[in-house]
Amino acid sequence: MSFKNTPANIVIFGGFGDLAWRKLIPAFYNLYISGYLPDKFAIYGVHYQGLPEGAYEKHMLEGVNLFSRRGKAKAAEWKKFTDNLYFFQGDFTIDETYSRLKATLDENDKKWKTRATRLLYYSVAPSFIEVISNSVSKHNIASQRDKDRIVVEKPFGTDLASAKALNDLLNTLFYENQIYRIDHYLGKEVVQNIAAFRFANYIFEPLWNNKFIDQIQISVTESVSVGTRGSYYDKSGALRDMVQNHLLQLLSLVAMECPGNYDAEDIRKQKVKVLKKVRPFTTATAIQDVVRAQYTRGEVKGKEQVGYKEETNVARSSTTETYVAMKVWIDNSRWKGVPFYLRTGKSLEKQSSVIVVQFKDSPHKIFKDDVVPNRLVISIQPEQKISLLFEGKVPGLEMKLKPLEMDFSYHDSFIEEAPEAYETLLLDALEGDATQFIRADQVETAWSIVMPILNAWSKEKGDMKKYKAGSWGPKEADELIKEGKIKWLMLPEETKTTKKK
């Protein structure tokens, strides 16, 4: 039976929340109008408060109109979509909610004359995961291993111990192949293209090692401030919120060995293997090779920005970092001796996600102006392009060199519009493809990498650096990377025009 002919019951716990409004319902709507959802499906948004008739559909339409990549919904298409969209009032903490939900899903199975796929999305605060999981298990809502999936949003734990406890809970109640730990970065087109770029193009694979590569940078920078998320962020910080998941996911994609096949288990096995080879941080290296900082009052994109400690719901004595830069070593035969520089932060000059692979300098220095090493720059957002920087001769009578670029741009190369990350990941989950999702041991390995840093910081509370909002970060981060005789890089053309702090 094809996927299109397999009905689906989709349940969003937290179905009236911000994530459902901005991302999930727009993604499901786009999948529907593109013909990717099954012919028979139902989406239930579970929320503890009651709503007036039609209020749920109206609110979700506002989200689609504001955030969908396709713009405003067409009335006829939205009407057909909402014929399958339902508000389900229910308190997560009481049995009656789950008994009614089970009866509803069973009734759909009866109506459709087959057991439908069940996708249960936990768009909730981490504190609700345990009660929802226990209740779903108790009421046999996700009892079929090959048909039922549990999608869990980050943060997946707040440290190694809590991540292990959460894994133990979920694996006690469900099978591992039912659990889809989601990191939306893995659904982005350019991120998915990293594997294709590396393993489908033999021109690069022989060079992808410490013999030819000098260093690798991974930057995920944000111009937005903490904003209204202060109550969450002040308990989290950049290391937990970004490095432990997004940046280490990108590192594993860039550094992993070629999997035996393009399937979920082979790919995730290689990601875990490379993360396990990351050199453990000691108390000394956690201070020496990691920079943490907070933004202070400044100006971002022409608008005044208050300092982090002035943000709503942030403690005035907060020691939570909004910026992290770090040097990471991978102790295996492919990468031994190659530093990986990672950085992320809020209230920076520009929002951008970029991977820079810097190759070693030319061994044949026969040209006096051969001064720029080859670089491969993978821009995940906002540019969605891959650039190769190389030296070429300037036209004229003299032998004069100039850095040049070869570009691949999604915008220029494809007519098709790239789907949003959540569209890709939700469709994968419905189809039972876990390739772009995170396995239990991968989560725990990532936490084990950052735990020594968190422990060292808990002892060194006075080591917080500062940077002005709207800058590229603290000077200490520049000093960290200068040890590698380089600076933080973006796209090639930006390295010439980036303003200094």
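Please refer to the structure placed before this passage.
Caption draft 1: The arrangement of the sheet that holds strand S14 (residues 375-381) in detail. One open sheet holds the nine strands; their spatial order is S16-S15-S14-S13-S7-S12-S11-S8-S17, and the pairing between them is mixed. If you trace the sheet from one side to the other, it starts and ends with strand S16 (401-409) and strand S17 (465-468), each paired once. For this sheet the average axis-to-axis angle between neighbouring strands, irrespective of direction, equals 20 degrees. Against the sheet, helix H15 (residues 475-482) touches strand S7 (213-221), strand S8 (290-296), strand S11 (323-329), strand S12 (339-345) and S17, its axis set at about 15 degrees to S11.

Caption draft 2: Spotlight on the pairing of strand S2 (residues 41-47). Within S2, seven of the seven residues are buried, which leaves it mostly tucked inside the rest of the structure. Judged by which residues are buried, S2 turns out to be covered on both faces: Phe41, Ile43, Gly45 and His47 on one side and Ala42, Tyr44 and Val46 on the other are all buried. Bridge count between strand S1 (residues 8-13) and S2: six bridges; the pairing is parallel. Considered in S2, the bridge of Ile10 is made with Ile43. Sheet topology places S2 next to strand S3 (residues 85-89); five bridges connect them, and they run parallel. Residue Val46 lies in a different strand from S3, and its bridge partner there is Phe88.

Caption draft 3: Highlighting the nonpolar core. Counting 113 residues, the largest nonpolar core has Phe13, Tyr122, Val136, Met326 and Phe340 as the members making the most contacts within it. Broken down by element, the residue count for this core peaks at eleven residues, all from helix H9 (residues 238-255). Those residues within four positions of Tyr122 in sequence are excluded, and the remaining contacts are Phe13, Ile129, Ile132, Ser133, Val136, Ile150, Val151, Val152, Glu153 and Phe174. Formed by 36 residues, the second largest nonpolar core is a distinct cluster that contains Met60, Leu85, Leu426 and Phe437.

Caption draft 4: Spotlight on the pairing of S11. Burial of S11 is extensive: six of the seven residues sit out of reach of the surface. Taken together, the seven bridges between S11 and S12 define a ladder with antiparallel strand orientation. Bridge pairing in S12 links Ala325 to Arg343.

Caption draft 5: Expanded view of the sheet that holds S1. An order of S3-S2-S1-S4-S5-S6 is seen for the six strands of this open sheet, with the pairing classed as parallel. In the strand order of this sheet, the two ends are held by S3 and strand S6 (179-181), each with one partner. Across this sheet, the average inter-strand angle for adjacent strands is 20 degrees, counted without regard to direction. Across the sheet, helix H2 (residues 55-67) touches S2 and S3, and the angle it forms with S3 is around 120 degrees.

Caption draft 6: How the structure looks around the packing of aromatic side chains. Within the structure shown, the criterion is met by 23 aromatic pairs. Measuring from ring centre to ring centre gives 6.0 Å for Phe13 and Tyr122, while their planes differ by 80 degrees; the resulting arrangement is edge-to-face. Of this pair, Phe13 sits in strand S1 while Tyr122 sits in strand S4 (residues 117-122); the two residues are 109 residues apart in sequence, bridging distant segments of the chain. Their ring planes at 85 degrees and their centres at 6.2 Å tell us that Tyr341 and Trp488 sit as a pair that is edge-to-face. Of this pair, Tyr341 sits in strand S12 while Trp488 sits in the segment after H15, and the two are 147 residues apart along the sequence. By the burial criterion, Tyr341 is buried, and Trp488 matches it. The rings of Phe13, Phe92, Tyr98, Tyr122 and Phe128 are connected pair by pair, giving a single aromatic cluster.

Caption draft 7: Spotlight on the pattern of salt bridges. All told, the structure shown has 27 salt bridges when counted by the stated rule. Where Arg297 meets Glu310, a salt bridge forms, and the shortest distance between an N and an O atom there is 2.4 Å. Taken as a pair, Arg297 in the loop between S8 and strand S9 (298-300) and Glu310 in the loop between strand S10 (303-305) and S11 lie far apart in primary sequence, 13 residues in all. The exposure class of Glu310 is partly exposed, given its relative accessible area of 39%. Through salt bridges with shared partners, a single network forms among Lys102, Asp106, Asp109, Arg115, Arg118 and Asp148.

Caption draft 8: Representation of the packing of helix H6 (residues 160-173) against helix H14 (residues 440-459) in the model. With their axes 9 Å apart at the nearest point, H6 and H14 run at an angle of 170 degrees to one another. One way to sum up the angle between H6 and H14 is to call them roughly antiparallel. Note on element contacts: H14 touches H6 through Ala440, Val443, Glu444, Trp447, Ser448 and Met451, opposite Leu160, Ala163, Lys164, Asn167 and Asn171. Per-class residue counts for the contact of H6 with H14 are six nonpolar, three polar and two charged.

Caption draft 9: Spotlight on the environment of Arg297. Assessed through its relative accessible area of 44%, Arg297 is described here as partly exposed. Sequence separation of Arg297 and Phe28 is 269 residues, and the distance between their C-alpha atoms is 39 Å. With residues near it in sequence (within four places) discarded, Arg297 still touches Glu304, Gln305, Val306, Gly307, Glu310, Lys468 and Ala469. Within the local environment of Arg297, its side chain forms a polar contact with the side chain of Glu310, the two groups lying 2.4 Å apart.

Caption draft 10: A look at the packing of H9 against H14. Running from N to C, H9 and H14 cross one another at 130 degrees; their axes reach a closest spacing of 10 Å. Classified by the angle between their axes, H9 and H14 sit oblique to one another. Judged by the sense of rotation from one axis to the other, the crossing of H9 with H14 is right-handed. Contact residues: H9 offers Leu239, Arg240, Val243, Gln244, Leu248, Gln249 and Ser252, while H14 offers Gln442, Val443, Ala446, Trp447, Ile449, Val450, Ile453, Leu454 and Trp457. Looking at the contact of H9 with H14 residue by residue, the classes come out as eleven nonpolar, four polar and one charged.

Caption draft 11: Structural view of helix H3 (residues 75-82). All of the buried residues along H3 are Trp78, Phe81 and Thr82. Down the axis of H3, the sector holding all buried residues measures 90 degrees, keeping them to one side. H3 presents Ala76 and Lys80 as exposed residues on the side facing more than 90 degrees away from its buried surface.

Caption draft 12: Focus on unusual backbone geometry. Here Lys154 and Pro155 are connected by a cis peptide whose omega angle stands at 5 degrees. Of note, Pro155 is situated in the loop between strand S5 (148-152) and H6. Backbone torsion omega between Gln381 and Pro382 reads 0 degrees, so that peptide bond is classified as cis. Looking at where Pro382 falls in the secondary structure, it is placed in the loop between S14 and strand S15 (385-393). Even without being glycine, Asn140 reaches a positive phi, approximately 55 degrees. Checked against the element boundaries, Asn140 lands in the loop between helix H5 (129-138) and S5. On the accessibility criterion, Asn140 (44% relative accessible area) is partly exposed. At Gln384, a position not held by glycine, the phi torsion is positive, near 50 degrees. Within the secondary structure, Gln384 is located in the loop between S14 and S15.

Here is what the cut-offs are and how they apply
- All chains use their own residue numbering, which begins from 1 and follows the written sequence.
- The model is predicted, so local features are restricted to residues of pLDDT at least 70 and side-chain atom pairs to those at 80 or more, both for listing and for counting; the totals for chains, interfaces and linings are taken over all residues.
- Values reported for side chains reflect all heavy atoms of the structure, with hydrogen atoms and water molecules removed beforehand.
- DSSP-based pairing: two strands are paired if at least 2 bridges between them are found.
- To qualify as a helix, a DSSP run of H or I must reach at least 4 residues; to qualify as a strand, a run of E must reach at least 2; elements of each kind are numbered from the N terminus.
- Comment: axis = line fitted to C-alpha atoms, over the contacting stretch for helices; angle = value between 0 and 180 degrees taken between N-to-C directions.
- It only takes one pair of heavy atoms within 4.5 Å for two residues to be counted as in contact.
- Each residue is placed in one exposure class: buried if its accessible area under a 1.4 Å probe, protein chains only, is under 20% of its type's maximum, exposed if it is over 50%, and partly exposed if it falls in between.
- Residues enter a nonpolar core if they are buried and are Ala, Val, Leu, Ile, Met, Phe, Trp, Tyr or Cys, with the set joined through side-chain atoms within 4.5 Å.
- Between rings of Phe, Tyr and Trp, where Trp is taken as its six-membered ring, a pair exists when centres lie within 6.5 Å; planes separated by under 30 degrees are stacked, by over 60 edge-to-face, and by other angles tilted.
- Here a salt bridge means any side-chain nitrogen of Lys or Arg lying within 4 Å of a carboxyl oxygen belonging to Asp or Glu.
- Each angle receives one of four descriptions, namely roughly parallel if under 35 degrees, roughly antiparallel if over 145, roughly perpendicular if within 65 to 115, and oblique otherwise.
- Under the grouping applied here, Gly and all other residues not named as nonpolar or charged are polar, the nonpolar ones being Ala, Val, Leu, Ile, Met, Phe, Trp, Tyr, Cys and Pro and the charged ones Asp, Glu, Lys and Arg.
- Contacts described as polar in this section are N or O atom pairs within 3.5 Å, which, within protein, must combine one atom able to donate a hydrogen with one able to accept it, while residues neighboring in sequence count only if both atoms come from side chains.
- With the far helix as reference, a near helix turned anticlockwise by less than a right angle produces a left-handed crossing, and one turned clockwise produces a right-handed crossing.
- To obtain the arc, one takes the directions from the helix axis to the C-beta atoms.

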